[in-house]
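# Survey of secondary and tertiary structure
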Amino acid sequence: MTTTTTEMILDPTGADARSDDSTLAPRTGTLQGIRVALLDNTKPNATALLENIAAELKGRYDIAETRMYTKDYFGTPVKDELLQQITDECDVVVTAVGDCGSCSAATVTDGILFERAGIPAVSICSESFLMSGQAMAKVQGFSGYDFLAAAHPISSLNAQELKQRAKDLVPGIERIFGVEG
């Protein structure tokens, strides 16, 4: 007697039917009055880096609000429920930090998912994992997706170094969001 077992197989790339869209969400051209989502992927120093980015942006623009959100796991894309919550509550999103292979791929995927949901997004990876992020963008059907590569490392930086790293990233954030400087 033969027994057949059926098991679900997951695509490890996170690709799905949405991977055909490579259109950026419309840019606002300003950060004045904007609600900024900060998506922390739980990697060491991700929260601190995002908080410093928020402080830097608030110092330059009259941002309506910044909101910190946290993924449950760094190595997988943002869950649909959290993606929808952020989409409902914010106008733009900054997601960080990709400082290993799987988290870089997931961070870039997160940015692409937000773009496809109509929310401009900036994904931040460390430069050591630039190729991982680029590979995931290609797998997601968005090989031209523009994300930031921060100097590596991020996880071992002290408070002053994180503040400087955030300051160094802001011009790229402004560029990707389409903000006139």
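Below you will find a few notes about this structure.

Scoring rules and cut-offs
- Residues numbered from 1 in each chain as written.
- Predicted model: local features only at pLDDT ≥ 70, side-chain atom pairs only at ≥ 80, totals over all residues.
- Heavy atoms only, no water.
- Helix = DSSP H or I, 4+ residues; strand = E, 2+ residues; numbered from the N terminus.
- Polar contact = N/O pair within 3.5 Å; in protein donor to acceptor, adjacent residues only side chain to side chain.
- Contact = heavy atoms within 4.5 Å.
- Salt bridge = Lys/Arg side-chain N within 4 Å of Asp/Glu carboxyl O.
- Buried < 20%, exposed > 50% of the residue type's maximum accessible area, 1.4 Å probe, protein only.

Right, let's get into the side chain of Asp-40. By secondary structure assignment, the location of Asp-40 is in strand β1 (residues 35-40). At 2.6 Å, the side chain of Asp-40 forms a polar contact with the backbone nitrogen of Thr-42. Not counting the four nearest positions on each side in its chain, Asp-40 is found in contact with Ala-46, Thr-47, Leu-50, Met-68, Tyr-69, Thr-70, Lys-71 and Ala-96.

Tallied over the entire structure, the rule returns ten salt bridges. Residues Arg-67 and Glu-89 are paired through a salt bridge, measuring 2.9 Å at the closest nitrogen-oxygen approach. Of this pair, Arg-67 sits in strand β2 (residues 65-70) while Glu-89 sits in helix α2 (residues 80-89), and the two are 22 residues apart along the sequence. In this structure, Asp-110 engages Lys-71 in a salt bridge whose closest nitrogen and oxygen atoms are separated by 2.7 Å. Taken together, the residues span a long stretch of sequence, with Asp-110 in helix α3 (residues 101-116) and Lys-71 in the loop between β2 and α2 at a distance of 39 residues. For Asp-110, a relative accessible area of 0% corresponds to the buried category. A cluster of three or more residues bridged by salt bridges with shared partners is formed by Glu-56, Arg-60 and Glu-174.

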